[in-house]
Amino acid sequence: DAGVTQSPTHLIKTRGQQVTLRCSPKSGHDTVSWYQQALGQGPQFIFQYYEEEERQRGNFPDRFSGHQFPNYSSELNVNALLLGDSALYLCASSLLDRAYEQYFGPGTRLTVT
Amino acid sequence: DQQVKQNSPSLSVQEGRISILNCDYTNSMFDYFLWYKKYPAEGPTFLISISSIKDKNEDGRFTVFLNKSAKHLSLHIVPSQPGDSAVYFCAAKSVRQLTFGSGTQLTVLP
């Protein structure tokens, strides 16, 4: 039973560029949440997708957008990258009404230069 | 404004002794509290949770205590083992969103 997978593992981008990160949820899960973890901090909630719609959003600008596909996989897009966007981006999957059981992927390390 | 706070960035404990990790929160709307463990280069792994209507939940060596009046929860690990060395995050749920603390690095010394 595959857990949550994310790609790529590492990414280096230049300020102003755009990036797309990908996530496949744990088998049987229908909800995907994205988190940003800066160095020395806990994960911060970006947004959550269910039934291909954004259901909840944290305190992140519109430069951060996402998508969920019919197979429940998800993408996180960040436009106009800033140096401060450098972080570990974590994807977590769950069932919609069991958000207290979120399973995390290994993350994508994004470095913006 | 941090709604979930872990005030101790690090904790060192001798193998076999008790580890106590603490967490404070401010939002009364949180209905579930969780502890996650994170090793380097891995995502957080769920450890144990507690509903806001309970004050204690136990799972093997791990026990979580919730004091709602003080808005405080703690994780007890007994006995501590070297493999427990990791960063521990406290998280709280409201609606379907998790809010995390900044983590505590636990080091269990052999």
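Residues numbered from 1 in each chain as written. Chains lettered and ligands numbered in written order. Predicted model: local features only at pLDDT ≥ 70, side-chain atom pairs only at ≥ 80, totals over all residues. Heavy atoms only, no water.

Student: Even after reading the chapter, I still don't get the sheet that holds strand β8 (residues 74–78) of chain A, so can you show me in this structure?
Tutor: Working definition: the strands of a sheet are paired by backbone hydrogen bonds and lie parallel or antiparallel to each other. Residue and element names in this part refer to chain A. Strand order across the open sheet formed by four strands is β1-β3-β8-β7, with antiparallel pairing between neighbours. Edge positions in the sheet fall to β1 (5–7) and β7 (64–68), since each of these pairs with one other strand and no more. Mean inter-strand twist for the sheet, computed between neighbouring axes without regard to direction, equals 20°. With five bridges connecting them, β7 and β8 associate as antiparallel partners. Following the sheet pairing, G66 is matched in β8 by L76. (Pairing = 2+ DSSP bridges. Helix = DSSP H or I, 4+ residues; strand = E, 2+ residues; numbered from the N terminus. Axes fitted to C-alpha atoms, helices over the stretch in contact; angles between N-to-C directions.)

Student: Mind showing me how you'd approach the sheet that holds strand β7 (residues 62–67) of chain B here?
Tutor: Residues and elements named next belong to chain B. Taken together, five strands build an open sheet; the order of strands is β1-β3-β8-β7-β6 and the sheet is antiparallel. The strands lining the two open edges of the sheet, one partner per strand, are β1 (4–5) and β6 (56–59). Sheet analysis places β6 next to β7, joined by four bridges and oriented antiparallel. Directly across from E58, in β7, lies its bridge partner T63.

Student: How should I be thinking about the layout of surface pockets in this particular structure?
Tutor: The gaps left among the atoms become clear once a water-sized probe is rolled over them. Taken as a whole, the second largest pocket spans an internal volume of roughly 390 Å³. Along its surface, the second largest pocket is lined by 21 residues, and Q37, L88 and R109 of chain A together with K38 and A41 of chain B are the ones closest to its centre. In terms of residue class, the lining of the second largest pocket is made up of nine nonpolar, nine polar and three charged. (1 Å grid on protein atoms, 1.4 Å probe; cavity = no way out; pocket = protein on both sides within 12 Å on 5 of 7 lines; lining within 4 Å. Points joined across faces, edges and corners; volume = space filled by probe spheres on them. Nonpolar A, V, L, I, M, F, W, Y, C, P; charged D, E, K, R; others polar.)

Student: Before we go on, may I ask you to explain the pairing of β8 of chain A in this structure?
Tutor: Residues and elements named next belong to chain A. The element β8 is extensively covered by neighbouring structure, given that five of its five residues are classed as buried. With burial as the criterion, each face of β8 is covered, one bearing S74, L76 and V78 and the other bearing E75 and N77. Bridge analysis of strand β3 (residues 19–24) against β8 gives five bridges, and the strand direction is antiparallel. Counterpart to L21 in the pairing with β8 is L76. In this antiparallel pair of consecutive strands, β7 and β8, the connection spans five residues, and Y72 shows a positive phi of 80°. (Buried < 20%, exposed > 50% of the residue type's maximum accessible area, 1.4 Å probe, protein only.)

Student: Whenever I open this one, the side chain of Q56 of chain A confuses me. Can you help?
Tutor: Locating Q56 of chain A in the fold gives a position in strand β6 (residues 53–57). A polar contact is formed between the side chain of Q56 of chain A and the side chain of Q97 of chain B, at a distance of 3.4 Å. Leaving out residues up to four positions away in the same chain, Q56 of chain A has contacts with F45, F47 and Q48 of chain A together with V95, R96 and Q97 of chain B. (Polar contact = N/O pair within 3.5 Å; in protein donor to acceptor, adjacent residues only side chain to side chain. Contact = heavy atoms within 4.5 Å.)

Student: Whenever I open this one, unusual backbone geometry confuses me. Can you help?
Tutor: Most peptide bonds are trans, and most residues other than glycine sit at a negative phi. The residue after S7 of chain A, namely P8 of chain A, is reached through a cis peptide bond having omega -5°. Cis geometry is found at the peptide bond from V78 of chain B to P79 of chain B, where omega equals -10°. With respect to the helices and strands, P79 of chain B occurs in the loop between β8 (72–77) and β9 (86–94). Of note in the backbone geometry, E51 of chain A takes a positive phi value of approximately 50° without being a glycine. When you line up the elements, E51 of chain A lands in the loop between β5 (44–50) and β6. With a phi angle near 45°, A80 of chain A is a residue other than glycine that sits in the positive phi range. Exposure remark for A80 of chain A: the relative accessible area of 39% places this residue in the partly exposed category.

Student: Just checking my understanding: could you explain the interface of chain B and chain A for this structure?
Tutor: Many authors give the size of an interface as the accessible area that is lost as the parts come together. At the interface, 18 residues of chain B touch 19 residues of chain A. When chain B packs against chain A, the two sides together hide about 1,600 Å² of surface, and 59% of this comes from carbon and sulfur. When the area that chain B buries against chain A is broken down by residue, the three leading residues are R96, Q97 and F100 of chain B, summing to 37%. Connecting chain B to chain A are zero salt bridges. (Buried area = accessible area lost by both parts, 1.4 Å probe. Salt bridge = Lys/Arg side-chain N within 4 Å of Asp/Glu carboxyl O.)

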